[in-house]
Amino acid sequence: MKKRLIFSFLVIFFTMLKASAQYYDTGRDPASLKWLQIKTGRFTIIYPESYSVLGPEYAKALEDAYLRLNTLFPEKKIRIPVVIHNYSIRSNGYVAWAPKRMELYPTPEQNGIPMAPEKQLAIHELTHVFQMETLNQSFTRGMSFLLGQQAIGVVSALLPMWLLEGDAVFAETMLTTSGRGRAASFQKQLKAVITDADKKYKYDKILNGSYKDFVPDYYATGYQMAARAMVKSDPQIWNKVLKFTAQQPFSLNPVNISLTANAGLRKKTLWDNTYLNLKNDWTTEISDNQSVIYGYLNPEKRGKYINYYSPVYAGKDSIIAIKTSLTDPPALVLINQKIKKEERIHTPGSLYPWFISYGSGKVVWVETQADMRWENREYSVIKSLDIRTGAVTKLSHKTRYLAAAISPDGRRVAAIENTVQNINNLVVIDAATSTVAEVIPTPNNIFLQHPQWSADGEKISFIFLEGDGEGIIAFDAGKRQWQTIIDPGRDDLQSSFFRNDSLFYVSSSSGTENLYLLTSDKKISAITNAKFGATDISPAPNGILFGNYTLLGNEICETNPAVIHSENKSVSSFIINSFDVKKSFHTDSINPEYKPVRYRKILHPFRFHSWMPFYADIQEIKSDPTSIRPGVTLLTQNTLSTLISSVGYEYSAEKRHVFHTRVTWQGIYPVFETQLNYGTLPQIDKRRQNVNDPTEIKPGIGMLNTLSLPLRFNSGKFTEFLRPSMSSDYQNHYIYLKENGTYDYGQTMFIARLYFSNYHVSAFRDIYPRWAQVVDFNYCFAPFDKAIYGSTVSVKTAFYFPGILPNNGIKIRFEAEKQNANIYFYRFFSSFPRGYKNIISKEIRFVSADYVFPVMYPDMNIGSLLYLKRIRAGLFYDYAEGPGNSMFKNSSEGLAPLYNAPALRSFTSYGIELLADFHIFRIPYTISGGVQAAWKNINEAPVVGLLFNIDLYGMTLGKRQL
């Protein structure tokens, strides 16, 4: 019984950790934007005025999605705000539940599927809304009266992400004629893992990932598992799971209990069954297709997972491609195919899609660049690399070019533009001057993908998306004409190019991505028969260059277009074909005439969404969920996330009535935060004088106000963050001044801070940043209380470097601080050597060196209790020196002084840290824990301490990485 209670406490503890991260802040849009809104009854769609044409279209798409989803979630009523962020260049969506809202990022995807993006986003994200509303019943609904919207977030923490996302992918596939469940590219990574891996990946590895091997994301695995359960047992199985979870969240593992009762399954056995069925189906399909094994031109991978994207010829024997791996950051590499050696020639910034183009010694691509202040405004700019000189040139600034291709002669760049008004253009840029030569609107505003020039530089071919279909279109630069080459349809198309009168392109029409040839007589022939998928085609001197997916990632391969294969229509492996797909829906009730009205931010400052029958500081509870006290807490966050605040009452341990409030205003360029605490017992410091207390003691007041300016900058592979700030901290302490014989009442300190960091893009396995510099300058002063506090100045720096072996890291720190204290030290900023405690120094100089390295990647689990992903170690050496050191000891009244040493003294320690990165109870947050041993002297026993950290990154539903 005792063990069960401990287990229950731990599950609740980590569930609270997961739930506490649901207060998710997705960022802000530019303050200058004017907003509109449409109210449909179910949705309040809020969007910038610049998106006025598309706002009503999203209203229709959401209403249509609601009617479609009623077939899977019958009789569900919803009411939710939807915010559209059209200044981002992402195609993404989120559903958050504290406060509940849907946030959409509508820019079309370059590697999308043949489906209108507004329909896919609407159905996928609305599925998450239905999932959460299904939880809003029975016991959980009762909890929501007690806790507000966060109650559903707490209960949703019991559901694995593969279930939530897999169910949503199933919905977008089941309720439309497209969806990712019908896309060959969506399942190829899982297909390779299941059919070609030496060992079956365990459920915990599929669930929590791995540093050792590539693991497909929970969208792909979740879809297969969710659909398999519905095929084998009951189409309503997941609604039953959601309902039971809502009724009995206190059962701690409601998903397994419901699955066992309704389908005779557990989560792990469902994965086992899904694996066996997919392995049988896909192995048979591969055997029937008689796929071809292609020789590769890239260096030998030696068992490592490495992808080569968008290979292009840059000479007779040279190939340039984008290389990604678990070990290194993405980079452009130059490969000598004859000797199979490669050279890293450039590390780009945030590069997506993985697409480059080559012409006359130059490579071009697009990079994402963040706005300096606004998280929800981004840019996509074109960059060019001269491979002869290594010089990188930025060809555009603050643009929205989603893909680019350079002409064979290197003179022109064709860019795909999508404006914030959702106007789609072909933009031709002079590569020499970086000036826009012309802007050509697309026919009927179709969205373009993957531009590629013909070999003679006369035509540019594109994949295009129109409605719910993809086709191929060409622009003749000489005749100034558009020509549709392949009409839009349901096949997923990936890339294309012209050679003479023939079109080469990638299509998934066979159920697997393959290369096809369309000749001038309209004859179509398959020229590859890949096992998992052939993509990224480009011309080669004697054939076609392409990427061929394998268990170890994309290989660079070449084929002769004269080799023709018969096309295999192996679409039976798509599990969606086992269902009676819904194709017709009654959508007559959708109002085609939505009238947008002005949305005025000033009228919507607060949106109370959650409350608690106890007091808890949200910032504190994220790191310590047990830090709660008697009282009440109210939480508010407005729909645009510009004003976030909390109000709380606490009945303190001193039996006092204490009030708390915190307000953060982020709607304008500077950020203002204020925090007020009232009613505490103020500090009375008599400086050890035998004097009476003040005649009147007022309730304690603490007020902290901070004005800051958080700024971000991108410069290719480096990202800089700059945050100047000024804070005032007022406390109404009573401090006895012996010289005056009176109490000083109320003290104010000012803190000026300048924080700067510069981080190099990192690899997945990196422990420390690959290269980084951090500088943190603080200056504290008390102009109204100089006699008490004096001033403090400090500077902290950290410098990161690569280690000797891959994913090893070095950190060097230099810190210095000087306190000009009169009575009190206000606060201490600098570090002391590890192993020393309770020391304060008037002046300190500190230097430290750390070396960290991975030890092993075990991918080992102990049932559902523990999954161990990585063991890592670190060596360190710390040194500090300075005069005026005071040492304290812990006592019942806090820190009591032991001694003060005015002379210069040095402190040294060295030691080792051993940590593990792991998951507990299959909760998706990585926990790092271990021990630290610090020696002050080789002849003394080490000071041993525990290390613990939890990576909380925000609880959202429907965070999509398309």
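Everything quoted here is computed from the prediction, not taken from an experiment.

Draft legend 1. Local environment of the overall build of the protein chain. Regarding its fold elements, the protein chain presents 13 helices and 52 strands. In terms of overall dimensions, the protein chain has C-alpha extents of about 105 × 65 × 55 Å along its principal axes. Counting every position in the protein chain, which comprises 962 residues, the buried fraction comes to 58%. A fraction of 58% describes how many contacts in the protein chain between residues 6 or more apart in sequence connect residues 24 or more apart. Summed over its atoms, the accessible surface of the protein chain is roughly 40800 Å², and 55% of this surface lies on carbon and sulfur atoms. Of the charged side chains in the protein chain, 105 are positive and 86 negative; the average position of the first set lies 4 Å away from that of the second.

Draft legend 2. Layout of the side chain of Asp-850. Following the sequence through the fold, Asp-850 ends up in strand 45 (residues 843-856). A distance of 3.3 Å separates polar atoms of two side chains, one belonging to Asp-850 and the other to Ser-848. Excluding its chain neighbours within four sequence positions, the residues that come into contact with Asp-850 are Tyr-768, Gly-809, Ile-810, Lys-811, Arg-813, Arg-834, Leu-875 and Phe-876.

Draft legend 3. Spatial organisation of unusual backbone geometry. Here the residue pair Ala-98 and Pro-99 is connected by a cis peptide bond, since its omega of 0 degrees sits within 30 degrees of zero. Structurally, Pro-99 is set in the loop between strand 4 (91-97) and strand 5 (100-106). A cis amide bond, omega 5 degrees, links Tyr-352 with the succeeding residue Pro-353. Tracing the chain through its elements places Pro-353 in the loop between strand 10 (350-351) and strand 11 (357-359). We note that Lys-340 has phi near 55 degrees; this positive angle belongs to a residue other than glycine. Along the polypeptide, Lys-340 turns up in the loop between strand 8 (331-336) and strand 9 (341-346). By relative accessible area, which is 32% here, Lys-340 ends up partly exposed. A positive phi angle, close to 60 degrees, is found at Arg-480, a residue other than glycine. On the secondary structure map, Arg-480 appears in the loop between strand 21 (469-476) and strand 22 (481-489). Assessed through its relative accessible area of 39%, Arg-480 is described here as partly exposed.

Draft legend 4. Layout of the packing of helix 4 (residues 138-147) against helix 10 (residues 237-247). Where helix 4 meets helix 10, the axes come as close as 5 Å, and the angle between the chain directions of the two elements is 50 degrees. When the interaxial angle is binned, helix 4 and helix 10 end up oblique. Of the residues in helix 10, those touching helix 4 at Ser-138, Phe-139 and Thr-140 are Thr-245, Ala-246 and Gln-247. Here the contact of helix 4 with helix 10 is built from residues that sort into two nonpolar, four polar and no charged.

Draft legend 5. Summary view of the environment of Phe-777. Looking at the secondary structure, you find Phe-777 in strand 41 (residues 772-781). The spatial distance from the C-alpha of Phe-777 to the C-alpha of Ser-794 is 5.9 Å, given a sequence separation of 17 residues. Setting aside anything within four residues of it in sequence, one finds Phe-777 in contact with Ala-752, Arg-753, Leu-754, Val-793, Ser-794 and Val-795.

Draft legend 6. Seen up close, the nonpolar core. With 91 residues, the main nonpolar core has Phe-43, Leu-126, Phe-170 and Trp-238 as its most contacted residues. By size, the runner-up hydrophobic cluster in this structure holds 16 residues, among which are Ala-403, Ala-414, Leu-426 and Ile-446.

Draft legend 7. Structural view of helix 3 (residues 117-135). Along its 19 residues, helix 3 runs 28 Å from first to last C-alpha, staying within 8% of the 27 Å computed at 1.5 Å per residue. Burial within helix 3 is extensive, with 17 of its 19 residues counted as buried.

Draft legend 8. Just the pattern of salt bridges, in detail. On inspection of all chains with the given rule, the structure shows 40 salt bridges. Its salt-bridge partner being Arg-68, residue Asp-64 comes within 2.5 Å of it at the nearest N-O pair. Of this pair, Asp-64 and Arg-68 both sit in helix 2 (residues 55-69), separated by four residues, roughly a single helical turn. This pair shows no difference in class: Asp-64 is buried, exactly as Arg-68 is. A salt bridge links Lys-200 to Asp-272; the nearest nitrogen and oxygen atoms lie 2.6 Å apart. Here the residue Lys-200 occupies a position in the loop between helix 7 (184-196) and helix 8 (203-208), and Asp-272 occupies one in helix 12 (residues 267-289), the gap between them amounting to 72 residues. We classify Lys-200 as partly exposed; its relative accessible area is 34%. The buried category is assigned to Asp-272, whose relative accessible area is 16%. Among the charged side chains, a network of salt bridges with common partners joins Asp-328, Arg-344, Asp-766 and Arg-770.

Draft legend 9. Geometry of the packing of aromatic side chains. Throughout the structure, instances matching the rule amount to 34 aromatic pairs. Taking 6.1 Å as the distance between ring centres and 65 degrees as the angle between the ring planes, the aromatic pair formed by Phe-750 and Phe-784 counts as edge-to-face. Here the residue Phe-750 occupies a position in strand 40 (residues 742-760), and Phe-784 occupies one in the loop between strand 41 and strand 42 (791-802), the gap between them amounting to 34 residues. Under the relative-accessibility criterion, Phe-750 is labelled partly exposed at 21%. Classification of Phe-784 by relative accessible area gives exposed; the value is 64%. Taken together, the ring pairs connect Phe-750, Tyr-779, Phe-781 and Phe-784 into an aromatic cluster. Lying over the aromatic face of Trp-374, Arg-373 brings its terminal NZ or CZ to 4.5 Å of the ring centre. Between the NZ or CZ atom of Arg-834 and the centre of the ring of Phe-876, over which it lies, the distance is 4.0 Å.

Draft legend 10. Main features of the sheet that holds strand 15 (residues 401-406). Ordered in space as 15-16-17-18, the four strands form an open sheet in which the pairing is antiparallel. Pairing within the sheet leaves two strands with one partner each, and these edge strands are strand 15 and strand 18 (435-441). The average undirected angle you get between the axes of adjacent strands in this sheet is 25 degrees. With six bridges connecting them, strand 17 (residues 424-430) and strand 18 associate as antiparallel partners. Opposite Asn-425, over in strand 18, you have Pro-441 as the bridge partner.

Draft legend 11. Inspection of helix 10 at higher detail. Counting buried positions over the eleven residues of helix 10 gives eight, a clear majority of the element. Every buried residue belonging to helix 10 is among Ile-237, Trp-238, Asn-239, Val-241, Leu-242, Phe-244, Thr-245 and Ala-246, and all of these are buried.

Draft legend 12. Fine view of the pairing of strand 15. Most of strand 15 sits inside the fold, with six of its six residues counted as buried. The pairing of strand 15 with strand 16 (residues 412-418) spans five bridges and is antiparallel. Residue pairing in the sheet places Ala-403 in a bridge with Ile-416 of strand 16.

Draft legend 13. View of the confidence of the model for the protein chain. Averaged over all residues, the pLDDT of the protein chain equals 90, while 91% of them reach at least 70. This model gives residues 15-21 a pLDDT under 50, and the stretch forms 26 contacts once residues within four places in sequence are excluded. Counting interchain partners and residues more than four positions distant, the pLDDT-below-50 stretch residues 891-895 has six contacts.

Draft legend 14. The pairing of strand 6 (residues 306-313), seen in detail. With respect to burial, strand 6 is a largely interior element, eight of its eight residues being buried. As defined by bridge partners, strand 6 adjoins strand 7 (residues 318-325) across six bridges and the pair is classed as antiparallel. Along strand 7, the bridge assignment pairs Ile-306 with Ser-325. Linking two consecutive strands that pair antiparallel, namely strand 6 and strand 7, is a turn of four residues; a positive phi of about 135 degrees is found at Gly-315 within it.

Basis of the calculations
- Along each chain, residues carry numbers from 1 onward, in the same order as the chain's sequence is written.
- Only residues with pLDDT of at least 70 get local features here, since the model is predicted, and only at 80 or more are side-chain atom pairs given and counted; chain-wide, interface and lining totals rely on the full set of residues.
- Note that the side-chain values use all heavy atoms of the structure and ignore hydrogens as well as water.
- Starting at the N terminus, helices and strands are each numbered in turn, a helix being any DSSP run of H or I of at least four residues and a strand any DSSP run of E of at least two.
- The buried label applies to any residue whose accessible area, calculated with a 1.4 Å probe on protein chains only, is under 20% of its type's maximum; exposed applies above 50%, and partly exposed to all values in between.
- By the convention used here, residues are in contact when the closest approach between their heavy atoms is within 4.5 Å.
- Accessibility throughout is a Shrake-Rupley quantity obtained with a 1.4 Å probe, and a residue counts as covered only by protein chains that appear here.
- Note that His is not counted, nor are the chain ends; the positive residues are Lys and Arg, and the negative ones are Asp and Glu.
- Lysine's charge is taken at NZ, arginine's at CZ, aspartate's at CG and glutamate's at CD.
- Here a polar contact is recorded for every N or O atom pair within 3.5 Å, except that within protein the pair must consist of a potential hydrogen donor and a potential acceptor, and residues adjacent in sequence are included only if both atoms are side-chain atoms.
- Think of each axis as a best-fit line through the C-alpha atoms, taken over the contacting stretch in the case of a helix, with angles from 0 to 180 degrees between the N-to-C directions.
- Reported orientations rely on four angle classes, namely roughly parallel under 35 degrees, roughly antiparallel over 145, roughly perpendicular from 65 to 115, and oblique for the rest.
- Only Asp, Glu, Lys and Arg are considered charged, only Ala, Val, Leu, Ile, Met, Phe, Trp, Tyr, Cys and Pro nonpolar, and every remaining residue, Gly among them, polar.
- To define a nonpolar core, start from buried Ala, Val, Leu, Ile, Met, Phe, Trp, Tyr and Cys residues and group those joined through side-chain atoms within 4.5 Å.
- Helix span is expected to be 1.5 Å times the residue number reduced by one.
- Basic side-chain nitrogens of Lys or Arg form a salt bridge, by our definition, when they fall within 4 Å of a carboxyl oxygen of Asp or Glu.
- Between 30 and 60 degrees the pair is tilted, below 30 it is stacked and above 60 it is edge-to-face, where a pair is any two Phe, Tyr or Trp rings, Trp via its six-membered ring, whose centres lie within 6.5 Å.
- Any Lys NZ or Arg CZ that is within 6 Å of a ring centre and within 35 degrees of that ring's normal is treated as a charge sitting over the ring.
- Two strands make a pair as long as DSSP finds a minimum of two bridges between them.
- Scored from 0 to 100, pLDDT reflects the predictor's confidence in each residue.

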